[in-house]
2 protein chains.
Amino acid sequence: MTVTVAVDTTGADLGPAEVAEGAKLAAARADVRIVLFGPEAELRAVVDGVPGVEVVDAPLSIAKAPDPALAVRQHPEASIVRAIRSVSAGDADTFVVAGATGPALAAGLMHVRRAKGIHRPALALPLPTLGDPVTLVDVGANVEARPDHLVQFGFMGAALARTVLGVPRPRVALLSNGEEPTKGTSDVVEVHRLLGERLADHPHIEWVGNVEGNDVASGAADVVVTDGFTGNVTLKVMEGVSQAVVTGVRQAATSNPVAMLGGLLLKPSLNRFKASIDPEASGGAYLLGLKSLGVVPHGRFSREGFARAIVLAAQGHDGRVTDLIHADLEAVGALRRPPASAVAAGDRDRPSE
Amino acid sequence: MTVTVAVDTTGADLGPAEVAEGAKLAAARADVRIVLFGPEAELRAVVDGVPGVEVVDAPLSIAKAPDPALAVRQHPEASIVRAIRSVSAGDADTFVVAGATGPALAAGLMHVRRAKGIHRPALALPLPTLGDPVTLVDVGANVEARPDHLVQFGFMGAALARTVLGVPRPRVALLSNGEEPTKGTSDVVEVHRLLGERLADHPHIEWVGNVEGNDVASGAADVVVTDGFTGNVTLKVMEGVSQAVVTGVRQAATSNPVAMLGGLLLKPSLNRFKASIDPEASGGAYLLGLKSLGVVPHGRFSREGFARAIVLAAQGHDGRVTDLIHADLEAVGALRRPPASAVAAGDRDRPSE
């Protein structure tokens, strides 16, 4: 069955039209129905007549709102809110929100809501490395997270790797300051113990144990679990260092005529290397743990990145990533148990604990 | 007055003789007396007859001991313990321990002991960047740290920057997942508030506020404060990403004959760039908050790095980094107050709280 993807277009640095161009590419590549939310005229100028792509006029953007949760409540007509509500209303299967992590998380929690048994949704980001991408989870949805939450993040990341990234038996690791099980904060030590128990002899996940910061880029694991504070710092440090090294190499390659000639000769190979670590390739960050999958491509992505996000969102929905997370957590007894009062009253799956 | 530096030589990857070569270089560069601890014959083969360098036979190494605190207690004759005890005994002013952070910290706490009013010693590491080095503190001495501890780390890093790194008015920042004061864990938010108060209109420290991971490598601050867990992860991620990018560029430069020629022409400039981000330049990690300064150069350093560590340890002692930390903390009321019982009994400055 064709998957319907609701796409908010208003948070892209290059403007809504660039997201529409991405939708056009996605529609040509996959059996997917796409509904674009944003300024109608601007979007129609790109996708009018493109089969499988529809437009809903929702020009108001809250992508840059300083208080996303407040903005989501105050502006039900905002493009992000309308896109995400189309999923909770059953009009779309999954959502893609360009460049607005905070509002996507807030609107997702409010309208799509947490999946049953999930403590907290998390943001999983497949990071480009020299080899296969490494999925870091959480990269910022939960600045503070309890051990039970982190255990669930491990299963979320593994399900994403299997369904969207094509890793049949993902290797899951925990980020710490040493490989020994005793290393880390008391919470990290506890997560190590819990994940180790739950992933021992697991049929389709391999438990790596602790990895250190330098292992993230080296591909020692497919999924690296951490809290949203450390995950955000890790991600930003990676961006900053890559940028600094690239700047340094560029400065070296323009420092004198001989080096300039060398840089010129090397450029095509360096460009291929750069393309091989393209952050747009994996479509962006994945919002996991809601009743539907969401993808948040970075605001600075080009049409290619938005196209990838749309195709991979559909693929994740098709691969039933949400069901897989639930089944895996249930099998190891790591679903959130509803509080006694909620059981008595019938678990209403309340969005806060 | 000539500063005496006690140097443990047994933790270097290249062996004790390499540290001795570093001592020889240091003795030629600075007015410093150096006492080397390690296997006597091996050390004497390098430094015999070199003015200002002495040797103490202490062949036992606990640099790789799995439980550093236990090893320090069990092996008072170990080279690290003897070097550090020579400081507490008043025979040396400051210590340099090659490649053994854990034992240096354990022996430092046990024998040199915490400086008065300090909650916890911390490891400060000046990181090479494209511009001036950025000092990250703590990089692993305290996996868990309270807000009051982190406040002290900020002043420790600033004192190091002033006395050892030559920054007259260091810019101090707090690592978080966003620049706004409300970003971060509740502890980070509290540290932001406390540091902001204590550094407002400070005579010789500038308060930057929060910085994100990408700002570490960009030089947005001279000193970046964080807990030892996040600091260790940050440091390792930086190492891993630099390594991965260098590997990628090297692969690109050997992928075909044209690229190889380009790589060859570019090589001298790239080597100069590499030298400009030399981790050995700053001497290693600085152990701050003890009664004497300690420096821990990385075990994989060469003689040049060990020489830098020795010269900079002497410079830090000469610049009274320990006194400066105390004076700065006292001025803003951020010294640890002894518990009431200790006041009654006379504060014995106990090593644990």
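Each value, and the rule that gives it
- Each chain carries its own residue numbering, running from 1 in the direction its sequence is written.
- Chain labels run from A onward and ligand labels from 1 onward, assigned in the order the entries are written.
- Restriction of local features to residues with pLDDT of at least 70 applies here, the model being predicted, together with a cutoff of 80 or more for giving and counting side-chain atom pairs; totals for whole chains, interfaces and linings are based on all residues.
- Side-chain numbers come from the whole structure's heavy atoms, not from hydrogens or water.
- As a rule, the C-alpha atoms of each element are fitted with a line to give its axis, helices using only the stretch in contact, and angles between N-to-C directions run from 0 to 180 degrees.
- A run of H or I in DSSP counts as a helix once it spans at least four residues, and a run of E counts as a strand once it spans at least two, with each numbered from the N terminus.
- Any angle from 65 to 115 degrees is called roughly perpendicular, while one under 35 is roughly parallel, one over 145 is roughly antiparallel, and all others are oblique.
- By the definition used in this description, the sense in which the near helix is turned from the far one sets the handedness, with an anticlockwise turn below a right angle giving left-handed and a clockwise turn giving right-handed.
- Only heavy atoms matter for contacts: two residues are in contact if any of them lie within 4.5 Å across the pair.
- Classes in brief: Ala, Val, Leu, Ile, Met, Phe, Trp, Tyr, Cys and Pro nonpolar; Asp, Glu, Lys and Arg charged; the others, Gly included, polar.
- Note on definitions: buried area is the accessible-area loss of two parts on being combined, 1.4 Å probe, summed for both.
- Criterion for a salt bridge: a side-chain nitrogen of Lys or Arg within 4 Å of a carboxyl oxygen of Asp or Glu.
- For our purposes a nonpolar core is just a set of buried Ala, Val, Leu, Ile, Met, Phe, Trp, Tyr and Cys residues, chained together by side-chain atoms within 4.5 Å.
- Accessibility here uses a 1.4 Å probe with only protein chains present; expressed as a share of the type maximum, an area under 20% marks a residue as buried, one over 50% as exposed, and anything in between as partly exposed.
- Domain boundaries shown here were taken from an automatic or database domain assignment.
- The fit set for superposing copies consists of C-alpha atoms from residues with pLDDT of at least 70 in both; the fit itself is least squares.
- Any pair of nitrogen or oxygen atoms within 3.5 Å is treated as a polar contact; in protein, a donor-acceptor pairing is required on top of that, and neighbouring residues in sequence qualify only through side-chain atoms on both sides.
- Using a 1 Å grid laid over the protein atoms alone, points where a 1.4 Å probe fits but cannot get out form a cavity; open sets with protein on both sides within 12 Å along at least 5 of 7 lines form a pocket; any residue with an atom within 4 Å of a point counts as lining.
- Grid points are joined across faces, edges and corners, and a volume is the space filled by probe spheres set on the points.
- DSSP bridges decide pairing: two strands pair if at least two such bridges lie between them.
- Working definition: rings of Phe, Tyr and Trp (its six-membered ring) pair if their centres are within 6.5 Å, and the pair is stacked with planes under 30 degrees apart, edge-to-face with planes over 60 apart, and tilted otherwise.

## Digging into the packing of helix H10 (residues 257-276) of chain A against helix H9 (residues 228-252) of chain B
No. 1: Between H10 of chain A and H9 of chain B, the least distance of the axes is 8 Å, while the angle of their chain directions is 135°. With respect to H9 of chain B, the axis of H10 of chain A lies oblique. Regarding H10 of chain A and H9 of chain B, the two cross each other, and that crossing is right-handed. For the pair H10 of chain A and H9 of chain B, the contacting residues are Leu266, Ser269, Leu270 and Phe273 of chain A in the first and Val245, Gly248, Val249 and Ala252 of chain B in the second.
No. 2: By residue class, the composition of the contact of H10 of chain A with H9 of chain B is six nonpolar, two polar and no charged.

## Observations regarding the interface of chain B and chain A
No. 1: Taken together, the contacts link 45 residues of chain B with 45 residues of chain A.
No. 2: It is Phe229, Leu265 and Leu266 of chain B that lose the most area in chain B upon contact with chain A, and together they represent 15% of the buried surface on that side.
No. 3: The interface formed by chain B and chain A includes two salt bridges.
No. 4: Among the ionic pairs, glutamate 212 of chain A bridges to lysine 236 of chain B, the shortest N-O distance being 2.2 Å.
No. 5: Mapped onto the side of chain B that touches chain A, the elements with two or more residues apiece are helix H7 (186-199), helix H8 (213-218), H9 and helix H10 (257-276) of chain B.
No. 6: For the side of chain B that touches chain A, the class distribution of residues is 22 nonpolar, 19 polar and four charged.

## Details of the nonpolar core
No. 1: Judged by nonpolar contacts, the single largest core of 244 residues is most densely connected at Ile34 of chain A together with Ile34 of chain B.
No. 2: If we skip the residues at most four places from it in the chain, isoleucine 34 of chain A touches Val5, Val7, Ala23, Ala26, Ala27, Gly52, Val53, Glu54 and Ile310 of chain A.

## A look at the domain arrangement of chain A
All names here are of chain A.
No. 1: Segmentation of chain A into domains returns domain 1 (1-113 + 290-319) and domain 2 (124-279).
No. 2: Between the C-alpha centres of domain 1 and domain 2 the distance comes to 26 Å.
No. 3: Listed as interface residues are seven residues of domain 1 and, on the opposing side, five residues of domain 2.
No. 4: Interface area for domain 1 against domain 2, summed over the two sides, is near 530 Å², with a carbon-plus-sulfur share of 62%.

## What to know about the relation of the copies chain B and chain A
No. 1: Rotating chain B by 180° about the axis while translating it 0.0 Å along that axis superimposes it on chain A, leaving an RMSD of 0.0 Å. What we have between these two chains is a two-fold relation. Considering only C-alpha atoms, the part of chain B nearest the rotation axis is glycine 262 of chain B, at 1.8 Å.
No. 2: Here 100% of the contact residues of chain B are again contact residues in chain A; the copies associate through an equivalent surface.

## Observations concerning the environment of arginine 303 of chain A
All names here are of chain A.
No. 1: With respect to the helices and strands, arginine 303 occurs in helix H11 (residues 303-318).
No. 2: Assessed through its relative accessible area of 33%, arginine 303 is described here as partly exposed.
No. 3: Taking C-alpha positions, arginine 303 is 42 Å from alanine 200, a pair spaced 103 residues apart along the chain.
No. 4: Beyond its immediate chain neighbours, meaning those up to four positions away, arginine 303 contacts Glu18, Glu21, Gly22 and Leu25.

## Here we look at the side chain of aspartate 222 of chain B
Residue and element names in this part refer to chain B.
No. 1: Locating aspartate 222 in the fold gives a position in the loop between H8 and strand E9 (223-225).
No. 2: A distance of 2.8 Å separates a polar atom in the side chain of aspartate 222 from the backbone nitrogen of arginine 171.
No. 3: Once you skip the residues sitting within four places of it in the chain, aspartate 222 turns out to touch Pro133, Val134, Thr135, Val167, Arg169, Pro170 and Arg171.

## A short note on empty space enclosed by the protein
No. 1: Taken as a whole and assessed by the stated rule, the structure comprises two cavities of 30 Å³ or more.
No. 2: Taken as a whole, the largest cavity encloses approximately 40 Å³ of empty space.
No. 3: Lining the largest cavity, in full, are Leu150, Leu174, Leu175, Val188, Val225, Thr226 and Asp227 of chain A together with Phe229 of chain B.
No. 4: Looking at side-chain class alone, the lining of the largest cavity contains six nonpolar, one polar and one charged residues.
No. 5: In this structure, the second largest cavity is lined by Ala115, Ile118, Gly289, Leu290, Thr322, Ile325 and His326 of chain B.

## Quick notes on the packing of H10 of chain A against H10 of chain B
No. 1: Following both chains from N to C, one finds H10 of chain A and H10 of chain B inclined at 140°, their axes separated by 7 Å at the closest point. Considering their axes alone, H10 of chain A and H10 of chain B lie oblique with respect to each other. The handedness of the crossing between H10 of chain A and H10 of chain B comes out as left-handed. Contact residues: Val258, Ala259, Leu261, Gly262, Gly263, Leu265, Leu266 and Ser269 of chain A in H10 of chain A; Val258, Ala259, Leu261, Gly262, Gly263, Leu265, Leu266 and Ser269 of chain B in H10 of chain B.
No. 2: Its residues assigned to classes, the contact of H10 of chain A with H10 of chain B comprises ten nonpolar, six polar and no charged.

## Digging into the sheet that holds strand E10 (residues 285-288) of chain A
Residue and element names in this part refer to chain A.
No. 1: Read across the open sheet, the eleven strands follow the order E3-E2-E1-E4-E11-E10-E5-E6-E9-E7-E8; overall the sheet is mixed. Since the sheet does not close on itself, it has two edges, and those belong to strand E3 (53-57) and strand E8 (206-211), each with one partner. Within the sheet, the average angular offset between the axes of one strand and its neighbour, ignoring direction, is 25°.
No. 2: Each of strand E1 (3-8), strand E2 (32-38), strand E4 (94-97), E10 and strand E11 (294-296) is contacted by H11, which is oriented at about 140° to E1, the strand it contacts most.

## Describing the packing of aromatic side chains
No. 1: For the structure on display, the rule yields two aromatic pairs over all chains.
No. 2: Aromatic side chains phenylalanine 301 of chain B and phenylalanine 306 of chain B sit 6.3 Å apart centroid to centroid with 50° between the ring planes, which places their arrangement in the tilted category.

## Here's the deal with unusual backbone geometry
No. 1: Across the junction of valine 137 of chain A and aspartate 138 of chain A, the peptide omega takes the value 15°, indicating a cis bond.
No. 2: Not every positive phi belongs to a glycine, and arginine 113 of chain B is a case in point at roughly 70°.
No. 3: Looking at the secondary structure, you find arginine 113 of chain B in the loop between helix H5 (101-112) and strand E5 (122-127).
No. 4: For arginine 320 of chain B, which is not glycine, the phi torsion reads 55° and is therefore positive.
No. 5: Secondary-structure assignment places arginine 320 of chain B in the loop between helix H11 (303-318) and helix H12 (321-331).
No. 6: Judged by relative accessible area, arginine 320 of chain B falls into the exposed class, the value being 53%.

## Details of the pattern of salt bridges
All names here are of chain B.
No. 1: Evaluated as defined, the whole model comprises 27 salt bridges over all chains.
No. 2: Of the charged contacts in the structure, one is a salt bridge between arginine 44 and glutamate 40, with a shortest N-O distance of 3.0 Å. Taken together, the residues span about one helical turn, with arginine 44 and glutamate 40 both in helix H2 (residues 40-47) at a distance of four residues.
No. 3: Exposure remark for glutamate 40: the relative accessible area of 28% places this residue in the partly exposed category.
No. 4: With a closest N to O distance of 3.1 Å, arginine 193 and glutamate 190 form a salt bridge.

## Regarding the pairing of strand E6 (residues 134-137) of chain B
On any regular strand, side chains alternate: one points to one face of the sheet, the next to the other face.
All names here are of chain B.
No. 1: Every second residue of E6 is oriented toward a common face, with Val134 and Leu136 on one face and Thr135 and Val137 on the other, all of them buried.
No. 2: Bridge analysis of E5 against E6 gives four bridges, and the strand direction is antiparallel. For leucine 125, the partnering residue across the bridge sits in E6 and is leucine 136.
No. 3: Connecting E5 to the antiparallel partner E6 that follows it, the hairpin turn spans six residues.
No. 4: Relative to E9, E6 is paired through three bridges, and the arrangement is parallel. Within E9, the position partnered with valine 137 by the bridge is valine 225.

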